[in-house]
Amino acid sequence: MSKTPYHINLPEEVVTELHLQPEQSFHLTLRNGSLTLHPIDGQNEIQTLSLRHFLVPSVLAALLFIGYALYQRHFQLPLGGDDSIASAVILLGEMSGMLSFLVTYVQEVRRQPNSLKRKTSWRVFPALLIAFAIILAFITSGFFWAINYLFQNVTFDLFTSVVLFVLFDAIINFLMIYAALSISTLFITAIFVMTMIGGVLIAMVTNSSRLWWQYNLSFLGTDGALDAWQFNATLILAGLIWIALVDYLFVPLQQVMRGNHRLIVLRVLLTLSAISLAGIGAFPNNAGQLHFIHDQIANGLVYFILILMAGNRWLLPNAPREFMVTSYVIGGVLVVTMLLFEVIGYLSLTAFEIIAFGLTLSWILLLLQNIYRLYYHAYQTFVVKIS
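Residues numbered from 1 in each chain as written. Predicted model: local features only at pLDDT ≥ 70, side-chain atom pairs only at ≥ 80, totals over all residues. Heavy atoms only, no water.

Some thoughts on the packing of helix H5 (residues 115-150) against helix H8 (residues 228-256)
Keep this limit in mind: A fitted line through C-alpha atoms represents every axis, and for helices the fit uses only the stretch in contact; the resulting angles, taken between N-to-C directions, go from 0 to 180 degrees. Helix and strand definitions here come from DSSP, where helices need a minimum of 4 consecutive H or I residues and strands a minimum of 2 consecutive E residues; each element is numbered from the N-terminal end. Geometric relationships in this document are graded by angle, where less than 35 degrees denotes roughly parallel, more than 145 denotes roughly antiparallel, 65 to 115 denotes roughly perpendicular, and other angles denote oblique. Each crossing gets its hand from how the near helix is turned against the far one by less than a right angle, where anticlockwise is left-handed and clockwise is right-handed.
Here H5 crosses H8 at 165 degrees, and the two axes come no closer than 9 Å. Overall, the two elements H5 and H8 adopt an arrangement that is roughly antiparallel. When you trace H5 past H8, the crossing you get is left-handed.

Let's talk about the side chain of Thr337
To keep things clear, this is the line we draw: Every residue pair with non-hydrogen atoms within 4.5 Å of one another is taken to be in contact.
Assignment of secondary structure puts Thr337 in helix H12 (residues 321-344). Leave out the neighbours within four places in its chain, and Thr337 touches Leu347, Phe352 and Ile355.

Quick notes on helix H4 (residues 85-111)
Defined as follows: How far a helix is expected to stretch is found by multiplying one less than its residue total by 1.5 Å. Bending is quantified residue by residue as the angle between axes fitted to the seven-residue window ending at that residue and the seven-residue window starting at it.
For H4, which comprises 27 residues, the first-to-last C-alpha distance of 37 Å matches the rise-based estimate of 39 Å (1.5 Å per residue) to within 8%. At Gly93, H4 shows its largest bend, some 30 degrees.

A few points about the packing of H5 against helix H6 (residues 158-181)
Basically, it comes down to this: Residue classes follow a fixed rule: Ala, Val, Leu, Ile, Met, Phe, Trp, Tyr, Cys and Pro count as nonpolar, while Asp, Glu, Lys and Arg count as charged, and any other residue, Gly among them, counts as polar.
Remark: H5 packs on H6, axes separated minimally by 12 Å, with the N-to-C direction vectors making an angle of 145 degrees. Considering the relative orientation of H5 and H6, their crossing is right-handed. For the pair H5 and H6, contact is made by Phe132, Leu136, Thr140, Phe143 and Phe144 and by Phe168, Ile172, Met176 and Ala179, respectively. Counted by class, the contact of H5 with H6 contains eight nonpolar, one polar and no charged residues.

Focus on the pattern of salt bridges
What counts here: The term salt bridge refers to a pairing of a side-chain nitrogen on Lys or Arg with a carboxyl oxygen on Asp or Glu at a separation within 4 Å. Throughout, exposure labels follow a simple rule: accessible area from a 1.4 Å probe, protein chains only, divided by the maximum for the residue type, with under 20% read as buried, over 50% as exposed, and the rest as partly exposed.
As enumerated under the stated definition, the model contains three salt bridges in all. Of the charged contacts, one joins Asp247 and Arg123 as a salt bridge, the two residues approaching to 2.9 Å between their closest N and O atoms. Here Asp247, found in helix H8, pairs with Arg123, found in helix H5; they are 124 residues apart in sequence, far enough to count as distant. The buried category is assigned to Asp247, whose relative accessible area is 12%. Classification of Arg123 as partly exposed rests on a relative accessible area of 41%. Among the ionic pairs, Asp247 bridges to Arg267, the shortest N-O distance being 2.3 Å. Residue Asp247 is located in helix H8, and its partner Arg267 is located in helix H9 (residues 261-282); the two are separated by 20 residues in the primary sequence.

Things to note about a nonpolar patch on the surface
The condition is simple: Exposure above 30% relative accessible area and the absence of a salt bridge qualify a residue for a patch, where like charges join within 9 Å and nonpolar side chains (Val, Leu, Ile, Met, Phe, Trp, Tyr) within 5 Å. Residue exposure ignores everything except the shown protein chains as possible cover, and the areas themselves are Shrake-Rupley values with a 1.4 Å probe.
A cluster of nonpolar side chains, Leu167, Ile171, Phe174, Leu175 and Tyr178, forms an exposed patch at the surface whose accessible area comes to about 480 Å². Counting through the fold element by element, Tyr178 comes out in helix H6. Exposure remark for Tyr178: the relative accessible area of 48% places this residue in the partly exposed category.

Looking at the environment of Leu269
Assignment of secondary structure puts Leu269 in helix H9. The buried category is assigned to Leu269, whose relative accessible area is 11%.

Description of the nonpolar core
The condition is simple: Residue types Ala, Val, Leu, Ile, Met, Phe, Trp, Tyr and Cys, when buried and joined through side-chain atoms within 4.5 Å, form a set referred to as a nonpolar core.
Judged by nonpolar contacts, the single largest core of 91 residues is most densely connected at Tyr105, Phe132, Trp242, Leu266, Leu270 and Ile371. Sorting elements by how many residues they give to this core places H8 first, with 14 residues. Setting aside its immediate chain neighbours within four residues, Leu270 contacts Trp242, Val246, Phe250, Leu308, Leu367 and Ile371.

Description of the confidence of the model for the protein
What counts, and what does not: The predictor attaches a confidence to each residue, called pLDDT, with possible values from 0 through 100.
With 88% of its residues at a pLDDT of 70 or more, the protein shows a mean pLDDT of 81. Mean pLDDT in the protein bottoms out at helix H2 (residues 43-51), which sits at 48, and peaks at H9, which reaches 90. Below a pLDDT of 50 lies the segment residues 42-49, which in the model reaches five contacts outside its immediate sequence neighbourhood of four places, other chains included.

What to know about unusual backbone geometry
Non-glycine residue Arg73 carries a positive phi angle of around 60 degrees. Even without being a glycine, Asn153 presents a positive backbone phi close to 65 degrees. Here Asn153 is to be found in the loop between H5 and strand E5 (155-157). Judged by relative accessible area, which is 76%, Asn153 ranks as exposed.

Concerning H8
Between its terminal C-alpha atoms H8 stretches 43 Å, which fits the 42 Å expected from 29 residues at 1.5 Å a residue. Phe250 marks the point of greatest bend in H8, at about 30 degrees, and the proline Pro252 comes within the next four residues. Buried residues dominate H8, accounting for 23 of its 29 residues.

Section: the environment of Ala228
Within the secondary structure layout, Ala228 lies in helix H8. Assessed through its relative accessible area of 13%, Ala228 is described here as buried. Taking the C-alpha atoms as reference, Ala228 lies 9.1 Å from Asn207; in sequence the two are 21 residues apart. Ignoring any residue separated from it by four or fewer positions in sequence, one finds Ala228 in contact with Leu220, Gly221 and Thr222.

Points about the environment of Glu94
Put simply, the rule reads: Here a polar contact means two N or O atoms within 3.5 Å. Within protein one must be a hydrogen donor candidate and the other an acceptor candidate, and residues neighboring in sequence count only if both atoms are side-chain atoms.
Secondary-structure assignment places Glu94 in helix H4. Exposure remark for Glu94: the relative accessible area of 18% places this residue in the buried category. In this structure the C-alpha to C-alpha distance between Glu94 and Thr140, which are 46 residues apart in sequence, comes to 8.5 Å. Apart from the residues within four sequence positions on either side, Glu94 is in contact with Val89, Ala133, Leu136 and Ala137. There is a polar contact of 3.3 Å between the side chain of Glu94 and the backbone nitrogen of Ala137.

This is how it looks when you write it as structure tokens:
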């Protein structure tokens, strides 16, 4: 039985942007009722090969680990503590992991055929590099704290210690390479959410014995809290990721919608909000001048968010009606909770801050989702004809 050949006519914009050639072959993937075309140009093979290189920096780091252990005459090493497997993995794993991330990210950007996407990737690179370095330090420290808690006072001979070091370091390098290959709007958004929620929850759990809820949410970053630096670093890190995300979204969007003053104002307000969030962590709510600065920055963040909520109809082109209604509802709930706290006194400061935090974070994600949809759905979706 003969098969009928089918042809897909691609728009000229797609051919130009992807540098497609006549008679070029594609992989066609059917998933969840959608078709995805991937050029067959060896790109996937290149990425697979790059993933195999995660062992190279792990072995190099292991040589440094062995050299230090022999120099210090440490032939029996503890799992945790000073001069331990954990401390070596945290230090050398951070160095090798960030090196793997940097090399892979640079290689991926250089392979990018679209000049605008290359420009955007280079712009967000410093913020992403700092953010992932801090995230890696947090994760490795927390992981080995838990491992050391489970296996207290355990020690290993040098050979076993090296094997464990290589294993943990290889996992770190693999994950950092995978992260560099996965950079996208949705991926950065997921990192932003996990950083905000995860960091705040860890700070809450850590300070549960100090009854932090009897004060306020900002207490988690003050001198009276345990490991206050974690809470403050979380806010600074989330602010950096937010700035990178805004840049990643708006550079291609403003390229398409040149001279749109509403988008410029929206971008400025979102960037100022991200800077304010990082500023709250940089200036903790300690007594004295820091308290005044902290309050002013926090109030600025509230004002920026309220302006964004109230003005989304004018600031976001083609804003869906559902999003506008949701914005007004969330803004109304915030006003009601503010009245219940300041005027009636029904809510405590901690309850008000937690409610405001949850509502604001949810709305910001909705706004970013609609900005993403504005470009990728309206300006990166084409009509094609199958013949």
